[in-house]
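Fold and geometry: a report
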Amino acid sequence: MCLYFNGSASQKQVFSFAMAHSCFVFLSLHVCSRGFLCLVVPCLDSLCLSASQQLVGVVGLEIHAQINSNTKLFSSSPVCFLAPPNSLVSFFDASLPGTLPVLNRRCVEAAVMTGLALDCTINRKSLFDRKHYFYADLPAGYQITQQRRPIAVDGMLTYSLLGGIKRSQVIKKNVHIKQIQLEQDSGKSLHDDVRSQTLIDLNRAGVGLMELVMEPDMSCGEEAAAAVRELQLILQALGTCQGNMSEGQLRVDANVSVHRPGEPLGIRTEVKNINSVRYLARAIDYEIQRQIDILQRGGTVQNETRAYDAKLGETIPMRDKEGLQDYRFMPEPNLPPLIVFEDNASLPAGIDACQAVVLQKIREGLPELPSVKRDRLVQMYGILPEHSFTLVNEDGLMEYFEAVLKETKAGPRKVTGWVTNELLGQLRQQDMSVAQSLISPLALAELLELQETGHISSSVAKQVFQEMWSSGKTALQIIQEQDLGLISDTAQLHSICQKVVDSHPDEVHAIRNGNKKVLNKLMGLVKKETRGRADPVLLLMRL
Amino acid sequence: MSISSLCATRRVSLTIIRPSFSFLTNGHSIPYGVNFIRRTPSCSQSRITNVTRLFSSRPHNPKVPEVPTWKPVAEDQLPTPAHIPADLVDKLERLALVDFRTKQGLACLEKAIRFADQLHVVDTSGVDPMDSVLEDRALYLRDDTVMEGDCAEELLQLSKNTVEEYFVAPPGNIPLPKREERAAMLKHSEF
């Protein structure tokens, strides 16, 4: 049965199941409001608009979150990304005969904490099951999971999208969490097509996962992406999962179908291989559109597993799932039921308090969640909700914002504007993260300070910002080198104004006749002449 | 590791009869320590194999009877023997990845099912189904501290085929033979 440790095992065929997914349930549905656009996910051809043809998308998600722990779920070998192959493998992980699972308390506590943060009911008694399938990176031939009675059920994730015409309206949405179950990760397979063999690395085999099953309450890629982003922030705040999608710490599979509202759900496909939030939105929207196209041509959607190809921007069919698929779920005989206690008082005699998982203790240790943090930012700094949304959702942007704020007299709203517009705009353009910013919070603070104290105008400040980004010089250097300081010498300013007035007699005449609007034109001309260095207040007085 | 922890919760008294999992290095795949003892000097011909848990001090747990106490159930008390259609053989082979579509293979399977049929005689009315005999035990929870791993060399030695530090497996997803091909294969076997 063990394919690798004795070469004689029957290898006539190997069933092809990728990761273990147990639950596909569609219960409730939502119809997407139209035309949401999101800052987090710069999307996309708006599939939400396809409501005109009446067909709408229905999206449910299954998310595997790798538990942030030192050791694996059932063995005390280390958890580490990018270690030499098979260096983090115990005898149990390699499923040698005679080894038994020993549950990691940290993993249980992480799952309970995640459940509490998502308003789940924590099952006081949960059970472990074996799910059988054959694949080279699963040496035991089964995965230990929680099929019958998972650790947490019936929760809710509240997430927000920026919507409305100007994308400035924060729209709250909910998605139901059906369950959270503890389970083992599989190893990794490297396929060598040339030599027709598969290389197996068991470092990941047995690492603890939380599988979160979300009900199909979403209707487009953007909603799914926003929900996943919020979950990612929550997990990171809790510290229960590092949430790095590119390292596979958060793996998302989407169940996608389309139907006409009010009618039964359509046939779904499962989209796998999605390794970023951005691709998640694209993959789902592509898939919804593909299904709509099929139905409108009079075809039928196949129930199949599809992979997202980021290069093509398409979903493509994966290997056909065997029609005959029997996971032969059975109770895990080596693990008694997992009991979680309400508080220390409810511990039965003979159970060590530091051995037990106690809800009250975990509840008390819950950190500030992203939604609370946003509310706090709005209250503390008087900024707009949509700005608090951007600050919290962009990795490191809030820290950047607070660092700038500390070093300048400029107000929070002003700093928010700079950080969410100029800085973020520049970062987006270059496809960079906040941590990669070429302008440090301190340098930006210096620039804002120069503007605040009247040394430069706001338009020059923006110009200097661009200059700082490309040259790496400080704001002061750039201003001095290019002589961008405000002209505060009234005599100089006066002569410039005089020149403009002299060369535009028609406009001056119009103003004299009471057409004050023309004054703005003259102002503009002076600004042009001074390359934006004229203090507008002073200028107005002069003219 | 886990064995000792489970035993601890079960209050089986423990000491070590083997210093470590030596079966890995000496090539004997014996997960549990096996003691061969002679029951009495008089029956020198019969040896009782007494399997004890690894790390268990006593060769015998007083809660376990020393000799088997079961007796075969009469054939007329059992349900009618299960018939195994070819389709079921087909399915079982796929699930288990084991070839057994020969006369002997089938006979062996039928005997196994017949053996399990004896369980039907047990009266379980009023008894809730159990997952395991450990159900009423507290599940031992381990601290999140690294204690093992880093034994790639030892593990890779067990594999017939390795590349660098990887195990080598045949390519995954070998398509199963088509239904008709399998039917043909079944027809041509002895079965």
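Residues numbered from 1 in each chain as written. Chains lettered and ligands numbered in written order. Predicted model: local features only at pLDDT ≥ 70, side-chain atom pairs only at ≥ 80, totals over all residues. Heavy atoms only, no water.

Going by the annotation in an unreviewed UniProt entry, the name recorded for chain B is Glutamyl-tRNA(Gln) amidotransferase subunit C, mitochondrial, with Monopterus albus given as the source organism.

If you look chain A up in an unreviewed UniProt entry, it shows as Glutamyl-tRNA(Gln) amidotransferase subunit B, mitochondrial from Monopterus albus. Within the UniProt record for chain A, the comment given under Sequence similarities (unreviewed entry) is "Belongs to the GatB/GatE family. GatB subfamily." (UniProt positions renumbered as here; feature names shortened; annotations may be inferred.)

This part covers the overall build of chain A. In terms of helices and strands, chain A carries 15 helices and 18 strands. In chain A, which comprises 543 residues, the proportion classed as buried is 54%. Relative to all contacts within chain A whose residues are 6 or more apart in sequence, the contacts with residues 24 or more apart total 70%. As displayed, chain A offers around 23000 Å² of accessible surface, 51% of which is attributable to carbon and sulfur atoms. (Helix = DSSP H or I, 4+ residues; strand = E, 2+ residues; numbered from the N terminus. Buried < 20%, exposed > 50% of the residue type's maximum accessible area, 1.4 Å probe, protein only. Contact = heavy atoms within 4.5 Å. Areas by Shrake-Rupley, 256 points an atom, 1.4 Å probe, with all protein chains shown as cover.)

Another aspect to go through is the pairing of strand E15 (residues 314-317) of chain A. All names here are of chain A. Relative to E15, strand E14 (residues 305-309) is paired through 4 bridges, and the arrangement is antiparallel. The residue of E15 that forms the bridge with Ala307 is Ile316. Between the antiparallel neighbours E14 and E15 lie 4 residues, among them Gly313 with a positive phi of about 70°. (Pairing = 2+ DSSP bridges.)

With that out of the way, let us pick up the side chain of Ser457 of chain A. Residue and element names in this part refer to chain A. Position of Ser457 among the secondary structure elements: in the loop between helix H9 (441-452) and helix H10 (458-471). Since its relative accessible area comes to 11%, Ser457 is described here as buried. A distance of 3.3 Å separates the side chain of Ser457 from the side chain of Ser459, its partner in a polar contact. (Polar contact = N/O pair within 3.5 Å; in protein donor to acceptor, adjacent residues only side chain to side chain.)

Bringing the sheet that holds strand E16 (residues 330-331) of chain A into the picture now. Within a sheet, adjacent strands bond to each other through the backbone by hydrogen bonds, running parallel or antiparallel. A sheet is described by the order of its strands in space; here 3 strands give the open sequence E6-E5-E16 (chain A), paired in antiparallel fashion. With one partner strand each, in any of the chains shown, strand E6 (142-145) and E16 of chain A form the two edges of the open sheet.

Moving on, we get to the side chain of Glu93 of chain B. Take Glu93 of chain B: it is sitting in helix H3 (residues 86-96). Within the local environment of Glu93 of chain B, its side chain forms a polar contact with the backbone nitrogen of Phe100 of chain B, the two atoms lying 2.8 Å apart.

Let us now look at the sheet that holds strand E10 (residues 197-201) of chain A. What the 4 strands build is an open sheet, ordered E9(A)-E10(A)-E5(B)-E4(B); its pairing is antiparallel. A strand with exactly one partner marks an edge of an open sheet, and here the two such strands are strand E9 (188-192) of chain A together with strand E4 (162-163) of chain B.

All right, on to unusual backbone geometry then. All names here are of chain A. In the Ramachandran plot, Leu82 falls in the positive-phi region, its phi being about 60° despite a non-glycine side chain. Looking at where Leu82 falls in the secondary structure, it is placed in the loop between strand E1 (56-66) and strand E2 (103-104). Of note, Asp431 is a non-glycine position whose phi angle comes to about 55°, a positive value. Along the chain, Asp431 turns up in the loop between helix H8 (412-430) and H9. Given a relative accessible area of 56%, Asp431 falls into the exposed group.

Per the domain assignment, the segments making up chain A are domain 1 (56-331), domain 2 (370-482) and domain 3 (490-542). The C-alpha-based centres of domain 1 of chain A and domain 3 of chain A are spaced at 64 Å. (Domains from an automatic or database assignment.)

The next point concerns the packing of aromatic side chains. All names here are of chain A. Applying the stated rule across the entire model yields 7 aromatic pairs over all chains. Measuring from ring centre to ring centre gives 5.8 Å for Tyr279 and Tyr308, while their planes differ by 50°; the resulting arrangement is tilted. Placement of the pair is Tyr279 in helix H3 (residues 277-296) and Tyr308 in strand E14, with a sequence separation of 29 residues. Among the residues examined, Tyr279 registers a relative accessible area of 26% and is labelled partly exposed. When the ring of Phe465 is compared with that of Trp469, the centres are 6.4 Å apart and the planes differ by 40°; the resulting orientation is tilted. (Phe/Tyr/Trp six-rings, centres within 6.5 Å; stacked < 30°, edge-to-face > 60°.)

A few words on the pattern of salt bridges. Counted by the stated rule, this structure contains 25 salt bridges over all chains. As a salt-bridge pair, Arg376 of chain A and Glu368 of chain A come within 2.8 Å of each other at their nearest N and O atoms. A relative accessible area of 30% places Arg376 of chain A in the partly exposed class. Overall, the relative accessible area of 31% leaves Glu368 of chain A in the partly exposed class. For Asp117 of chain B, the salt bridge identified is with Arg114 of chain B, shortest N-O distance 3.1 Å. Of this pair, Asp117 of chain B and Arg114 of chain B both sit in helix H4 (residues 103-117), 3 residues apart, which is roughly one turn of that helix. (Salt bridge = Lys/Arg side-chain N within 4 Å of Asp/Glu carboxyl O.)

In this section: the packing of helix H6 (residues 385-393) of chain A against helix H7 (residues 397-406) of chain A. All names here are of chain A. Where H6 contacts H7, the two axes come as close as 6 Å, and the packing angle between them is 110°. When the axes of H6 and H7 are compared, the pair comes out roughly perpendicular. For the pair H6 and H7, the contacting residues are Thr390, Leu391 and Val392 in the first and Leu397, Met398 and Phe401 in the second. Grouping the constituent residues of the contact of H6 with H7 by class yields 5 nonpolar, 1 polar and no charged. (Axes fitted to C-alpha atoms, helices over the stretch in contact; angles between N-to-C directions. Parallel < 35°, antiparallel > 145°, perpendicular 65-115°, else oblique. Nonpolar A, V, L, I, M, F, W, Y, C, P; charged D, E, K, R; others polar.)

Residues and elements named next belong to chain A. The end-to-end C-alpha separation of helix H2 (residues 221-238) is 25 Å, in line with the 26 Å expected for 18 residues at 1.5 Å each. Burial runs high along H2: 16 of the 18 residues are buried. Of the residues trailing H2, Gly239 is marked for its positive phi of about 80°. (Expected span 1.5 Å × (residues − 1).)

On to helix H13 (residues 505-512) of chain A. All names here are of chain A. Of the residues making up H13, those classed as buried are Glu507, Val508 and Ile511. Viewed end-on, H13 has its buried residues packed into an arc of 100°, placing them on one side of the element. Opposite its buried face, H13 presents the exposed residues Pro505, Asp506 and Arg512, each directed more than 90 degrees away. Of the residues one or two after H13, Gly514 is the one with positive phi, at around 100°. (Arc of directions from axis to C-beta.)

A few words on the environment of Gln147 of chain A. All names here are of chain A. Within the element layout of this structure, Gln147 appears in the loop between E6 and strand E7 (152-163). Considered as a pair, Gln147 and Pro331 are 184 residues apart in the sequence and their alpha carbons are 9.0 Å apart. Ignoring sequence-local partners within four residues, the contact set of Gln147 consists of Asp129 and Phe329.

Bringing the nonpolar core into the picture now. All names here are of chain A. Core analysis: the biggest nonpolar cluster contains 73 residues, and Leu61, Val112 and Leu182 have the highest contact counts within it. The dominant element in this core, judged by the number of residues it contributes, is H2, at 9 residues. Once residues lying within four places of it in the same chain are set aside, the contact partners of Leu61 are Leu212, Val213, Met214, Met218, Ala224, Val228, Val252, Asp253, Ala254, Leu280 and Ile284. In this structure, Ile383, Leu397, Met398 and Leu444 belong to the second largest nonpolar core, which totals 36 residues. (Core = buried A, V, L, I, M, F, W, Y, C linked by side-chain atoms within 4.5 Å.)

A cluster of acidic side chains, namely Glu153, Glu154, Glu164 and Glu165 of chain B, defines a negative patch on the protein surface. In this structure, Glu154 of chain B sits in helix H5 (residues 152-157). (Patch = residues over 30% accessible without salt bridge, like charges linked within 9 Å, V, L, I, M, F, W, Y side chains within 5 Å. Lys, Arg positive; Asp, Glu negative; His and termini not counted. Charge placed at Lys NZ, Arg CZ, Asp CG, Glu CD.)

This part is about the environment of Leu156 of chain B. Among the structural elements, Leu156 of chain B can be located in helix H5. For the pair Leu156 of chain B and Val133 of chain B, spaced 23 residues apart in sequence, the C-alpha separation works out to 35 Å. Not counting chain neighbours up to four residues away, the residues in contact with Leu156 of chain B comprise Asn86 of chain A together with Thr162, Glu165, Tyr166 and Phe167 of chain B.

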